[in-house]
Amino acid sequence: MWFLLPRGYEDRTRITPLDQLQAGETAQVEGRVDAVERSFRFRPQLRVALSDDGPSSLVLRFFHFNAAQIQQFSLGSWLRCHGEVRWASQGLEMVHPGYRRIREDERGQTRATLDPIYPAIEGVGPAVLAKLVGQALQQLGQGDALELLPQASLHAWQLPDLVTSLRTLHSPVPGTSLAELADPAHPARRRLIIEELLAHRLSLARQRAQIRRLGALPLRNAGQLGNALLDHLPFSLTAAQARVWKAIRGDLNAAAPMLRLVQGDVGSGKTVVAALAALQAIESGAQAALMAPTELLAEQHLVNFQRWLQPLGIEVAWLAGKVKGRQRSAALQRVAAGVPMVVGTHALMQDAVRFQRLALVIIDEQHRFGVHQRLALRDKGHDGESVPHQLVMTATPIPRTLAMTHFADLDVSNIDELPPGRTPVQTVAIDMTRRPEVIERIRVACASGRQAYWVCTLIEDSEDIAAQAAQTAYETLCGTLSEARIGLVHGRMKAAEKQSVMQDFKSGDLQLLVATTVIEVGVDVPNASLMVIENAERLGLAQLHQLRGRVGRGAAQSSCVLMYQQPLSRLARERLDMLRRSNDGFLIAEKDLELRGPGEFLGTRQTGEAGFRIANPLRDAECLDVVDALLPSVLRLDGRIIDALIARWIGASERYADV
Ligand code: ADP
Ligand code: MG
């Protein structure tokens, strides 16, 4: 109850005389009913004129009212009202104020503290809620037991104790400014924010410790398979890839499970690093699994892994939602029998999926999976004493604020370098009405031997409708650009058809590829240097950045045209502006987070996983430093205190590593 914090306050500690009222302020007043007037101009309304001992008067205006209410406003009776004051044609008024009839001898009796306004809870009225919290506060007493943070740390960081903070926020003393109370820098508020962020950190740290206590299969071997892959590749690793791969190999050699997050911008080459890790597991006679959040992304990985692993004599199994019936049982059997490499989607986490000896779990695009899903797949390889090593990859760099509260259980490596020969993409945003100009631009590009993408987007996340839109765009473009060789690819096509179109585009037989966002991931045609995105305003920043990553892979100067339909919402405009200004995945991720908020950014809005009660990891980034500093001393505390801290803020929503 104590931690149900007010979302705002009403100041009823003062009565403002009518002649001191100012338009725009919220005030509490007392006045005698001088006149009551019902009228029906435009719509029924009730006007009640009040005066006090001074010269001024105030009008209360109601648009909804009933007979009983009118009764209450008998001439000469006293009212206490609370509401916002505004200018009206005949002077100051309050529209639909809160009010109560009082006796004349009750005048001037005000509250001792500000009234908290609690967030609505279903089934409990605001008055009852305020009363319950009030009662809980009475029991708070000195409440030393409630304080969980070490005194010395509080002192060192000049943080008020818990009871003081709670009292201050639940029943602020008169004269406290409302703005000050709402400010996250207010000491009472700041203290609670820090405690909540700390609880999240502790929870992740505990999960990490619990996992690390379990053993993992040490994957020590000569690395022959990995070397064979490197020999086959048409390129050599960038320095960043080599460095990250070295860190991963070190982790895999150990008998404690790896918990590593690899961040790297679109096109930085995470997949090959993942494949090297998988080969390390496979060479030790164990299995590796790779999970991606969408079927298309998973399919792309499948293609890459088949291309890289099959020449080495390594089988790759495929498991996704659309694998059904006999194919599915065959796949399940292969997995259970120990097929070395498994690629798939969420389908990998289903109960029916049993591995023989899963030693490495690779998860792509981590931020689209919740923390809990990450743990679920890990459990698949949990055979009592050991768990699989975990490698998590994300193309959207996770801003520090979120990393600390959501991924602090992972070691982080950055692939902070793109393979050589990439050129930054020039991005422009253009109104849809200028479509003919854009088409001309494609004509010129194709004539000079360049290749281009035309991407269709849709509001609904339906591949059927998207396929239809792409079909239509394809037909129109074929009509206008009659001399160009144009292809079409969308998610409704059979895999073989898609592959063949992609192959034709890759080989240069096709000059323009019309596509749905299918090509968001993995498509790699260095000669393609122009991308047009239709209705770019519909896509999120991360998705646009991913799409744009398909061009700029060769030596030619590449460009991306974001075509938009007016009117643009403010958010859409900011997204397009950001893309015009920057090619830096990190800056874009920060902006994305700012625009969407942590819940959506992490894809966990529904489950409330990003849910904080008082903290906001974006706004409160500065508090994270204090959290960092407090952490060592808190970790030295009794385990029960740490449990209590986590339970207080996170409670049942924490997924305990079931060890
Ligand atoms: P992402 O990090 O976005 O998943 P990918 O792993 O899909 O990137 O790699 C993007 C492209 O770059 C692929 O075609 C891949 O083969 C290629 N690539 C990866 N590493 C290198 C490298 N060191 N040099 C040249 N090309 C590379
Ligand atoms: Mg990738």
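Structure: above.
Asker: Even after reading the chapter, I still don't get the overall build of the protein, so can you show me in this structure?
Answerer: Secondary structure summary: the protein contains 21 helices and 21 strands in total. Across the 659 residues of the protein, 53% fall into the buried class. Pairs at least 24 apart in sequence give 77% of the contacts found in the protein among residues at least 6 apart. Surface exposure of the protein reaches about 29,900 Å², of which carbon and sulfur atoms provide 51%.

Asker: In this structure, what is going on with the site of ligand 1? I would like to understand it.
Answerer: Close to ligand 1 lie 16 residues; Gln241, Gly267, Lys270, Thr271 and Asp524 are nearest. Contact between ligand 1 and Gln241: a nitrogen atom at 2.8 Å from a side-chain N or O atom of the residue. The separation between an oxygen atom of ligand 1 and a polar side-chain atom of Thr271 is 2.5 Å. Here ligand 1 loses 83% of its free accessible area of 560 Å² to cover by the protein chains. When its residues are assigned to classes, the shell around ligand 1 shows four nonpolar, seven polar and five charged.

Asker: How should the pairing of strand 10 (residues 287–291) be read in this particular structure?
Answerer: In regular strands, side chains alternate between the two faces of the sheet. Counting buried residues along strand 10, five of its five residues qualify, which places the element largely inside the surrounding structure. One ladder, built from five bridges, connects strand 10 with strand 13 (residues 358–364); its direction is parallel. The partner of Ala288 across the bridge, within strand 13, is Leu360. Looking at chain direction, strand 10 and strand 12 (residues 341–344) are connected through four bridges and run parallel. Bridge pairing links Ala289 to Val342 in strand 12.

Asker: Explanation requested: the nonpolar core in the structure shown.
Answerer: Grouped burial of nonpolar side chains is what soluble globular proteins tend to show. Ranked by size, the top nonpolar core spans 45 residues in total, and within it Leu229, Ile248, Phe305, Leu309, Met341, Leu360 and Leu391 carry the most contacts. For this core, the element with the most residues is helix 9 (residues 270–283), which contributes 10 residues. The next biggest cluster of nonpolar side chains, apart from the first, holds 42 residues, and it includes Phe3, Leu148, Ile194 and Leu198.

Asker: How should I be thinking about the pattern of salt bridges in this particular structure?
Answerer: Charged atoms that come close allow side chains of opposite charge to pair. For the coordinates displayed, the defined rule picks out 32 salt bridges. Here Glu195 ties to Arg648 by a salt bridge, and the two come within 2.7 Å at their closest N and O atoms. With Glu195 in helix 6 (residues 187–213) and Arg648 in helix 21 (residues 639–649), this residue pair connects regions lying 453 residues apart in the sequence. Both residues of the pair, Glu195 and Arg648, count as buried. Within this structure, Glu10, Arg12, Arg111 and Asp115 form a network of salt bridges that share partners.

Asker: Quick question: what am I supposed to make of the pairing of strand 21 (residues 559–564) here?
Answerer: The buried fraction of strand 21 amounts to six of the six residues, a majority that puts the element mostly inside the structure. Alternating positions in strand 21 separate into two faces, Ser559, Val561 and Met563 on one and Cys560, Leu562 and Tyr564 on the other, with burial throughout. As paired elements, strand 16 (residues 426–431) and strand 21 share six bridges and run parallel to each other. The residue bridging Val428 from the neighbouring strand is Val561, located in strand 21. The sheet contact formed by strand 20 (residues 528–533) and strand 21 spans four bridges and is parallel. Bridge pairing in strand 21 places Val532 opposite Val561.

Asker: Hey, could you run me through the side chain of Thr13 in this one?
Answerer: Secondary-structure assignment places Thr13 in the loop between strand 1 (8–10) and strand 2 (26–39). Setting aside residues no more than four positions away along its own chain, Thr13 makes contact with Gln28, Thr110, Arg111, Ala112, Thr113, Leu114 and Pro174.

Asker: Looking at this structure, I do not really get the packing of helix 9 against helix 10 (residues 295–309). What am I missing?
Answerer: When two helices pack together, their arrangement is given by the angle between the helix axes and by the axis-to-axis distance. Orientation of helix 9 relative to helix 10, taken along the N-to-C sense of each, is 55°, at an axis distance of 11 Å. Regarding the angle of helix 9 to helix 10, the classification is oblique. For the crossing formed where helix 9 meets helix 10, the hand is right-handed. Only His301, Asn304, Phe305, Trp308 and Leu309 of helix 10 make contact with helix 9, whose side of the interface consists of Thr271, Val272, Ala274, Ala275, Ala278, Leu279 and Ile282. For the contact of helix 9 with helix 10, the class distribution of residues is nine nonpolar, three polar and no charged.

Definitions and limits used
Residues numbered from 1 in each chain as written. Chains lettered and ligands numbered in written order. Predicted model: local features only at pLDDT ≥ 70, side-chain atom pairs only at ≥ 80, totals over all residues. Heavy atoms only, no water. Helix = DSSP H or I, 4+ residues; strand = E, 2+ residues; numbered from the N terminus. Buried < 20%, exposed > 50% of the residue type's maximum accessible area, 1.4 Å probe, protein only. Contact = heavy atoms within 4.5 Å. Areas by Shrake-Rupley, 256 points an atom, 1.4 Å probe, with all protein chains shown as cover. Near = heavy atom within 4 Å. Polar contact = N/O pair within 3.5 Å; in protein donor to acceptor, adjacent residues only side chain to side chain. Nonpolar A, V, L, I, M, F, W, Y, C, P; charged D, E, K, R; others polar. Pairing = 2+ DSSP bridges. Core = buried A, V, L, I, M, F, W, Y, C linked by side-chain atoms within 4.5 Å. Salt bridge = Lys/Arg side-chain N within 4 Å of Asp/Glu carboxyl O. Axes fitted to C-alpha atoms, helices over the stretch in contact; angles between N-to-C directions. Parallel < 35°, antiparallel > 145°, perpendicular 65-115°, else oblique. Left-handed = near helix turned anticlockwise from the far one by under 90°.

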